Amino acid sequence: MNNPGKNPQSFKERSDAGINRFFSRFSVLKRVKKDDEIVHPFWVIVFKEISDHVRSWRFIILIAIIALTCFGSMYTALTTIGKSVKVNDPEGAFLFLKLFTTSDGTLPSFFVFVGFLGPLLGISLGFDTVNSEQNKGTLSRILSQPIHRDYLINAKFMAALIVISVLLFVLGFLVIGLGLITIGIPPTPEEFWRIIFFIMLSILYVAFWLNLAILFSVVFHQPATSALSCIAVWLFLTVFYNLIVSLIAKAIEPSALANPYQVFHYEKIIMTLLRILPSELFSDATTTLLMPSVRSLGPLTMEQIYGAIPGPIPLGQSLMLVWPQITGLIAATILCFVLSYVSFMKREIRSR
Amino acid sequence: MVGNIIELTDLTKKYGSFTAVDNLNLTIREGEVFGLLGPNGAGKTTTILMMLGLTEPTSGSVKVCDINSTTNPIEVKRRVGYLPENVGFYDNLTGLQNLLFTARLNRLSGKDATARAEQLLDKVGLSKASGKETGKYSRGMLQRLGLADLLIKNPDVIILDEPTLGIDPTGVKELLELIVSMSKEQGLTVLFCSHHLHQVQQVCDRVGLFVSGKLLAEGDIQSLSKSLFTSSPYIIEAGVSKPVTAATDSSENEYSVEWISEVLRHIQGITNVYNKNGIFHIECSHDLSSDIAKAVITAGACLNYLNKKEYGLDDIYYRYFEGGEGHE
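Residues numbered from 1 in each chain as written. Chains lettered and ligands numbered in written order. Predicted model: local features only at pLDDT ≥ 70, side-chain atom pairs only at ≥ 80, totals over all residues.

Q: Can you break down the overall build of chain B residue by residue, with the values?
A: A count of helical and extended segments in chain B gives 11 helices and 14 strands. Considering chain B as a whole, with its 328 residues, one finds that 39% of them fall into the buried category. (Helix = DSSP H or I, 4+ residues; strand = E, 2+ residues; numbered from the N terminus. Buried ≥ 20, exposed ≤ 12 C-beta atoms within 10 Å, placed from the backbone.)

In C-alpha cells form, the structure reads like this:
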C-alpha cells in the first residue's frame, strides 16, 4: 500500500530533494544558496541590480500601472468575448487568443497596452543605468575592482532584461490563468505557443527601449536629461512620426485614375516609411501572431486574394511572415547596445 | 630586499592639445608612504587613473607590481585598492552590504566576505553603524567606510585620492593615523594624493611635487628643503631683550638688527639676519642654535626665545611656485 499521507516526512524529503535537483540545474541559483561558494562578479552585479529594481518605488509604481491597465483590458475582453465570436469567423477556433486582442472600444486590448506601456517600462529601467552611478560616485569605485569594464553594462542590461521577462511572463500567464477560470476552455497547444511567442516578442520590444535608454544614460550625464530625451524619442516615434508620414502620404498620393502599379508602389513607400518605427514592427508582428487569419502584412493584389479561402494559417507560417519584423527589432536593439557599449568602453571614468 | 612597486616611465597623457601629464618618471618603493602633492588640476588624478588602467596613456608605460596597467588592468586592480576623491556608496544599502558587494566583486565567498567585512568595519570604527544605510552616513564615516572598502580585497598598494577632503580636523587626524597604522601593520605601500601640505607632511616618507603635469621634485621633506634652500636651509628664531636693570624705557628694551649682527659676527655660516615682529630671524647653512645662544648670552643680553625652524611643505610649495613663475 502506498499511502503518501502515512509517511509525510519522507514525502517532504523527497520533494525537497526534487526541488534541489531542479535548482541545481541552474548553476547560478545553486551558487546563491550556498554561502561558501564563489559567485562570478558578473552575477554579483546582476543580482544586486535586480534587487535594486525590484525594491525601487519607480518599479513598483510601473508594475501597478501595467497590471491595472492589463487587468482592465482583460476584464473588457472577458465581458465582450461572447459577442466577438461570429458564426463564420475564421478565427473562431482561436477563442483564447481573443483574450489578448478583443476590446469593446472603451479600453484598448491587452496587446495594444503592452505595445504602449512597454517602452515606458524599458525607459524607466534604463535611463539612469550609468549616469546615476557616476553621479553617486560609485562608478569609479566599482570599476577599480578587478572586473572587466563591460561586466557592469552587460550585467545591468541583463538584470533589467530578467526583470522585464519575469514581469511579462507573469502577466501573460496571469491572463491565461484568469481566462481559464472564467471561460473554462483551455488553450490549444498552438494558441499557447502563439502566446509564448507574443510574450517573447514583447520582451524583445521592451529590450529595444531599454537599450535606447541605456545608450542615453551613457551619453548624458544627468539622469533627468536622459529620461527626457528617451521620452522625447518615444513621443516622436509614436505620435509625430505617424503625422509626418501621413503628410508625406498626402503629398505623393496618386490620383484616383492612376494605374494599379502606381498605387501599389505608393502603398509600398508608405509601408516602408512606417516600418522604420519599432512600434510599427512590434504591432505588425503581434497582430500576425495573435490573429492567425492575417496572411500578409503588405498590399495584396486581387489575383492573390482571388479564390483564397479565408482561414487561419499555421504558427510556423505566421512566424515566417513576421520574421523580417523580428529581425528588424533585434537589429535595432543590437545597434543601440553596441553604441552604448562602445561609448562606455571608451569613456574615461572619473569620480563624479 | 625592497623593490619598486610602482614604476612610471615617460608617462604622458594628452587631452587634445592640453597635456595633463608630461613625461612623468616616478618610482615608488615597496612599503613606503608616498605623497603626491600638487595643486588642483596638476594631473594627479589622471596619473592614478592610468595606474589603474581606467584611462590609457598617450605614451609611456605604467607598471604596478611589475604588471603593465594598460594591457593588464584586471591583475593590477586585484592588487591595488583605490579610494577615489568623493567616494560614493549605494545609499539604499547599509555599510555592511556595500562592503559585501565589493567583497563579492573580488570573488570572496559569502562566508569569507562577511567575516572580513565585519573585521574591517570594526577596525575603522564603524561596527556600530554597519547596519545603517550609507545615505545617512556623515562625510567622515563615508571616508572611513571607503578605507574599509579598499582594504577588503587585501591589496598590496593603496591609492588614496584626496582622502581628507571635507573632513573636520579631528576626523582628518584619526583617518591619517588609521591609514598609517594600517599600512605599517600590513606592510602596505601607500600613495597619498593631496593638496593639503600639512597632512602629507605628517604621514609621508617621501613626497613628490607635481605641478601642471610635471614632477618638479621628489624625496623626503628634509632633502627637498635642502635642495631648494641651498644657501640657508635653517632659520633660527631668537627673541632677545636687554636685561631689566639696564632698561627703564620700554622702547629701548629691544636690540636692533645691527647690534645682533655685530654679536654674531664671528659665527661662520650665517647668511642673513632680519627682524620680524620683534624676533630676530637668523638664516644659516647648518644648525647654529647653540652658538647663537652662547654669543647672545656672552654679550650680556637676555635670550627669551630660541627656536630652530625647519622649512615645512608650505614653504617648499610656495618657493616652487615662485620659482615656477619666475621661469616663465
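Q: Go over the overall build of chain A, please, and point to the residues and values.
A: Looking only at helices and strands, chain A features 15 helices and zero strands. Split into buried and exposed, the 352 residues of chain A put 34% on the buried side. Pairs at least 24 apart in sequence give 80% of the contacts found in chain A among residues at least 6 apart. (Contact = placed C-beta atoms within 7 Å.)

Q: With reference to specific residues and values, describe the domain arrangement of chain B.
A: Per the domain assignment, the segments making up chain B are domain 1 (4–226) and domain 2 (234–310). Inter-centroid distance (C-alpha atoms) of domain 1 of chain B to domain 2 of chain B is 46 Å. (Domains from an automatic or database assignment.)

Q: Before we move on, can you summarise the nonpolar core with the specific residues and values?
A: Formed by 142 residues in total, the largest nonpolar core has its most connected members in A:I164, B:A148, B:L191 and B:F192. Beyond its immediate chain neighbours, meaning those up to four positions away, B:L191 contacts B:I6, B:I28, B:F34, B:L36, B:V157 and B:I159. Core analysis: the second largest hydrophobic core is formed by 12 residues, B:I236, B:L264, B:C284 and B:I292 among them. (Core = buried A, V, L, I, M, F, W, Y, C linked by C-beta atoms within 7 Å.)

Q: Report on the sheet that holds strand β5 (residues 67–68) of chain B, specifying residues and quantitative values.
A: Residue and element names in this part refer to chain B. A sheet is described by the order of its strands in space; here four strands give the open sequence β2-β1-β4-β5, paired in antiparallel fashion. Strands at the two margins of the open sheet, each flanked by one partner only, are β2 (18–29) and β5. Summarising the sheet, strand β1 (residues 4–15) and β2 pair through eight bridges and their orientation is antiparallel. Directly across from L8, in β2, lies its bridge partner L26. (Pairing = 2+ DSSP bridges.)

Q: Go over the packing of helix α3 (residues 95–105) of chain B against helix α4 (residues 110–123) of chain B with me, naming the residues and quoting the values.
A: Residue and element names in this part refer to chain B. Running from N to C, α3 and α4 point in directions that differ by 130 degrees, and their axes come no closer than 9 Å. Classed by the angle they form, the pair α3 and α4 counts as oblique. In this structure, α3 meets α4 at a crossing whose hand is right-handed. Counting all contacts with α3, which are made through G95, L96, L99, L100, A103 and R104, the residues of α4 involved are A113, T114, R116, A117, L120 and L121. (Axes fitted to C-alpha atoms, helices over the stretch in contact; angles between N-to-C directions. Parallel < 35°, antiparallel > 145°, perpendicular 65-115°, else oblique. Left-handed = near helix turned anticlockwise from the far one by under 90°.)

Q: Account for the interface of chain A and chain B, naming residues and giving values.
A: Taken together, the contacts link 24 residues of chain A with 25 residues of chain B. Within the residue set of the side of chain A that touches chain B, elements represented by two or more residues are α3 (41–55) and α8 (139–143) of chain A.

Q: Give a detailed account of the confidence of the model for chain A, specifying residues and quantitative values.
A: Residues and elements named next belong to chain A. Predicted confidence across chain A gives a mean pLDDT of 81, with 84% of residues reaching 70 or more. Looking at the elements of chain A, mean pLDDT is at its lowest for helix α2 (residues 27–33), recorded as 49, and at its highest for helix α10 (residues 189–219), recorded as 91. Across residues 1–6 the pLDDT falls below 50, and counting only partners more than four positions away or on other chains, this stretch makes one contact in the model. (pLDDT = per-residue confidence, 0-100.)

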